[in-house]
Amino acid sequence: DVLAAGRADPAGFVERVLGSPLWSKQREVVNAVFQDGARVAWKGAPAAGKTYTSANAIIAFFLLHPGCKVITTAPSFTAVATNLWGQIRSIWERLPRGTGATLTETRLRGGPEWWAMGMSTDIEERFKGHHAEHMLVVVDEAPGLRPSIYRAIEALRSGGNVRVLLLGNPTITSGEFYDAFTSKRETWTTITTGAFDTPNLEG
């Protein structure tokens, strides 16, 4: 019953079960990521809560889809381990024990074929050959990701129900992240958060 309710209301699961408050744009992102075949691109000002929100979405996805696989990446492994996975560790450590999963620096493991993992982008082959009924790929600092990694992610999507979440600041006027908001907008769910959209500055 808890899993069914969480899948129906992922943002509510994050708030009630993970104990992480969300504001309106963050709820929108979390709920969008859980849609079948979702491709979500979120551009936002610094301190808009992108890392916090995506970390909560990853943990919720992991818990609500036993047997799933989650891949996270960024242009550098330092960004993977420090930014997003630092936030994942912070959230996970305050949860009640008994989930049966184990957490290391950049891996959350529920079983041999049930895991979330942070990957560096120096070897494209690391992104190939992964399959699961439910899969999520999260790209932090998305404007800086190499085109070859985006191609590898698209290859993963051909294998089933793979959701993709891109996060970044709108700093580069080319590339896959930029295209998601321009020439390829019809194939993406795009979300934009300016500094004055956040609760600290709203109004």
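The model shown is predicted, which means the values in this text are computed figures rather than measured ones. (Residues numbered from 1 in each chain as written. Predicted model: local features only at pLDDT ≥ 70, side-chain atom pairs only at ≥ 80, totals over all residues. Heavy atoms only, no water.)

Caption draft 1: View of the environment of L167. Tracing the backbone through its elements, the reader meets L167 in strand β7 (residues 162-168). Judged by its relative accessible area of 0%, L167 falls in the buried class. C-alpha of L167 to C-alpha of A79: the two residues are 88 residues apart in sequence and 13 Å apart in space. Residues within four places of L167 in sequence aside, it is in contact with W42, K50, S54, V138, V139, D140, E141, A142, P143 and F177. (Helix = DSSP H or I, 4+ residues; strand = E, 2+ residues; numbered from the N terminus. Buried < 20%, exposed > 50% of the residue type's maximum accessible area, 1.4 Å probe, protein only. Contact = heavy atoms within 4.5 Å.)

Caption draft 2: Focus on the nonpolar core. Within the largest apolar cluster, 42 residues are counted, with the highest numbers of intra-cluster contacts made by L18, I58, I59, F62 and W92. For this core, the secondary-structure elements that each account for two or more residues are α2 (10-16), α3 (24-33), β1 (39-44), α4 (50-64), α5 (77-92), β5 (114-119), β6 (135-139) and β7. Ranked by residues supplied to this core, first place goes to α4 with 9 residues. Beyond its immediate stretch of four places on either side in the chain, F62 contacts C68, W92, A101, L108, R109, G110, W114, W115 and A116. W115, V139, L145 and I153 belong to the second-largest nonpolar core, a separate cluster that totals 23 residues. (Core = buried A, V, L, I, M, F, W, Y, C linked by side-chain atoms within 4.5 Å.)

Caption draft 3: Quick look at the environment of T171. Its place among the elements puts T171 in the loop between β7 and α7 (176-180). Through-space distance from the C-alpha of T171 to that of G144 is 9.4 Å; in sequence the pair is 27 residues apart.

Caption draft 4: Representation of α5. Of all bends in α5, the biggest is about 40°, found at W85. Along α5, the residues classified as buried are A79, V80, A81, L84, W85, I88, I91 and W92. (Bend = angle between axes of the 7 residues up to and from the residue.)

Caption draft 5: Quick look at the side chain of T53. Along the chain, T53 turns up in helix α4. Taking relative accessible area as the criterion, T53 reaches 0% and is therefore assigned buried. Setting aside residues up to four positions removed in sequence, T53 forms contacts with Q26, V29, V30 and W42.

Caption draft 6: Representation of the pattern of salt bridges within the structure. Enumeration over the complete set of coordinates arrives at 8 salt bridges. Across the salt bridge formed by D9 and R16, the nearest N and O atoms sit 3.6 Å from each other. Using a relative accessible area of 58% as the deciding quantity, one classes R16 as exposed. For E154, the salt bridge is made with R39, and the minimal N-O distance between the two is 3.1 Å. Of this pair, E154 sits in helix α6 (residues 147-157) while R39 sits in strand β1, and the two are 115 residues apart along the sequence. In this structure R39 comes out as buried when scored by relative accessible area, which is 11%. Connected through shared salt-bridge partners, R39, E154 and R157 make up one network. (Salt bridge = Lys/Arg side-chain N within 4 Å of Asp/Glu carboxyl O.)

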